[in-house]
Amino acid sequence: MTTPEAEAEPARPEERLEQAVRAAEQALIEFEIAVETFRVEVDNFSRLHHQKLGPMYTRLDELDAQIAEARAARTGDPEDLRRAEEARARVMPMPGVEELFHGWMDGDGLFPEAVAMLTEQPVRPPERVRPSDEARKLYRDLARKAHPDLAQEDSERLRREEFITRVNAAYARGDEALLRELSEEWAAGPVPPEREPAPGDVLYARLEWLAQRKEMLAALARELEESAIGSMLKLAPDDPDRLLEEIAEQLLTDVANRERELAELLGSSSA
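None of these values were measured; they are calculated from a predicted model.

Peer 1: Looking at this structure, how should I read the overall build of the protein chain?
Peer 2: Across its full length, the protein chain holds 11 helices and two strands. Within the span of the protein chain, comprising 271 residues, buried residues form 32% of the whole.

Peer 1: What's the story with the environment of Asp77 in this structure? I'm lost.
Peer 2: Note on placement: Asp77 falls in the loop between helix H2 (13–75) and helix H3 (78–89). Taking relative accessible area as the criterion, Asp77 reaches 33% and is therefore assigned partly exposed. A distance of 2.7 Å separates a polar side-chain atom of Asp77 from the backbone nitrogen of Glu79.

Peer 1: Quick question: what am I supposed to make of helix H10 (residues 228–235) here?
Peer 2: Three or four residues apart is the spacing at which side chains of an α-helix point the same way, because the helix has 3.6 residues per turn. Taken as a whole, H10 has its buried residues at Ile229, Gly230, Met232 and Leu233. Angularly, the buried residues of H10 cover 160° about the axis, an arc narrow enough to put them on a single face. Opposite its buried face, H10 presents the exposed residues Ala228 and Leu235, each directed more than 90 degrees away.

Peer 1: Would you explain the packing of helix H7 (residues 154–172) against helix H8 (residues 176–188) in this entry?
Peer 2: The relative placement of two packed helices is expressed as an angle between their axes plus a distance between the axes. Relative to each other, H7 and H8 sit at 160°, their axes nearing to 9 Å. Between H7 and H8, the interaxial angle falls into the category roughly antiparallel. The two elements H7 and H8 cross, and the hand of that crossing is left-handed. Seen from H7, the contacting residues are Glu156, Arg159, Arg160, Phe163, Arg166, Val167, Ala170 and Tyr171; seen from H8, they are Leu178, Leu179, Leu182, Glu185 and Trp186. Residue composition of the contact of H7 with H8, by class: eight nonpolar, no polar and five charged.

Peer 1: What is the right way to read the side chain of Thr37 from this model?
Peer 2: In this structure, Thr37 sits in helix H2. With residues near it in sequence (within four places) discarded, Thr37 still touches Arg136, Tyr139, Arg140 and Tyr171.

Peer 1: Could you clarify how one ought to interpret the side chain of His147 in this entry?
Peer 2: In this structure, His147 sits in the loop between helix H6 (133–146) and H7. Among the residues examined, His147 registers a relative accessible area of 8% and is labelled buried. Leaving out residues up to four positions away in the same chain, His147 has contacts with Ile29, Glu32, Leu142, Arg160 and Ile164.

Peer 1: Got a minute to help me understand H6 in this structure?
Peer 2: For H6, spanning 14 residues, the distance from its first C-alpha to its last is 20 Å, which sits close to the expected 20 Å at 1.5 Å a residue. Residues of H6 that are buried: Ala135, Arg136, Leu138, Tyr139, Leu142, Ala143 and Ala146. Viewed end-on, H6 has its buried residues packed into an arc of 165°, placing them on one side of the element. Every exposed residue of H6 that faces more than 90 degrees away from the buried side is listed here: Asp133 and Lys137.

Peer 1: Just to check I follow, could you spell out the pattern of salt bridges for this structure?
Peer 2: Opposite charge on two side chains allows them to pair when their charged atoms are near. A complete count under the given rule lists 25 salt bridges for this structure. Taking the shortest distance from any N to any O, the salt bridge between Arg180 and Glu134 comes out at 3.9 Å. Of this pair, Arg180 sits in helix H8 while Glu134 sits in helix H6, and the two are 46 residues apart along the sequence. For Arg180, a relative accessible area of 34% gives the class partly exposed.

Calculation notes
- Residue numbers here run from 1 along each chain, matching the order of that chain's written sequence.
- For this predicted model, a pLDDT threshold of at least 70 governs which residues receive local features, and a threshold of 80 or more governs which side-chain atom pairs are given and counted, while totals over whole chains, interfaces and linings are taken from all residues.
- Side-chain metrics rest on all non-hydrogen atoms present in the structure, leaving aside hydrogens and water.
- Starting at the N terminus, helices and strands are each numbered in turn, a helix being any DSSP run of H or I of at least four residues and a strand any DSSP run of E of at least two.
- Working definition: with a 1.4 Å probe on protein chains only, accessible area under 20% of the residue-type maximum means buried, over 50% means exposed, and in between means partly exposed.
- Throughout this description, a polar contact denotes any pair of N or O atoms lying within 3.5 Å of each other; where both atoms belong to protein, one of them has to be capable of donating a hydrogen while the other can accept it, and for residues adjacent in sequence the pair is counted only when both atoms sit in side chains.
- The directions from the helix axis to the C-beta atoms form the arc being described.
- Orientation is described by lines fitted to C-alpha atoms, with helices fitted over the stretch in contact, and by angles between N-to-C directions that extend from 0 to 180 degrees.
- If an angle is under 35 degrees, it is roughly parallel; if it is over 145, roughly antiparallel; if it lies from 65 to 115, roughly perpendicular; otherwise it is oblique.
- Left-handed describes a crossing whose near helix is turned anticlockwise from the far helix by less than a right angle; the clockwise case is right-handed.
- In this description, contact between two residues means that some pair of their heavy atoms is separated by no more than 4.5 Å.
- Here the nonpolar group is Ala, Val, Leu, Ile, Met, Phe, Trp, Tyr, Cys and Pro; Asp, Glu, Lys and Arg are the charged ones; every other residue, Gly included, is treated as polar.
- Multiplying one less than the number of residues by 1.5 Å gives the expected span of a helix.
- Should a side-chain nitrogen of Lys or Arg be within 4 Å of a carboxyl oxygen of Asp or Glu, the pair is scored as a salt bridge.

Take a look at the structure:
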């Protein structure tokens, strides 16, 4: 006897293609969430890395310049003199406008740390390198629900893009309270109409766009992972604060070694 399941007609090619598009869209959104999360972690770690360790790097550069200058003064060798000039040039070069404000402001203006510095108030470093677990959960939930790629109409896409921009800014600051407010705002907002079945040519075009978007995100992910800060962060993804402490300990050792080397050079030259 033939069962109802056996008598059911196989899915039309267009239906299978539409299912593939749905799956590709969800996979892309999840991938984009992961990339954006890592980008925020890298940006925050970079800022904290500069705040906490910047003075040590500056001290090392100064010691390297003094060592090179002391060696050049003792030998008079043209190559040593050239190295001394290069080492001195690396000490605190004049930054451009972009460098001055990089990591100190976002779409909402200057970060509190920058305001404190400009107004000569005590600077309180960020307490966390990354957003809290709850902030990450809220961000992922909002990104899945409000992602612009889920829109069918231009007006709905624009609404989602504007909303996600606010979500990304709140997540970058680790603002858990604001993310919770945005979650409530989205839940109370208009419910977009359900997606209408699209013709085959539109579905193929959609798949092609999704593939291109994934390639772009993959390139961004590789760039983040291969960057100096990204590589450091991957060494201790669950405890970046401890990683900063370990780097600071190594830098302190390097500073002590450079100071000892400089003292030996100056002592031998005066002898």
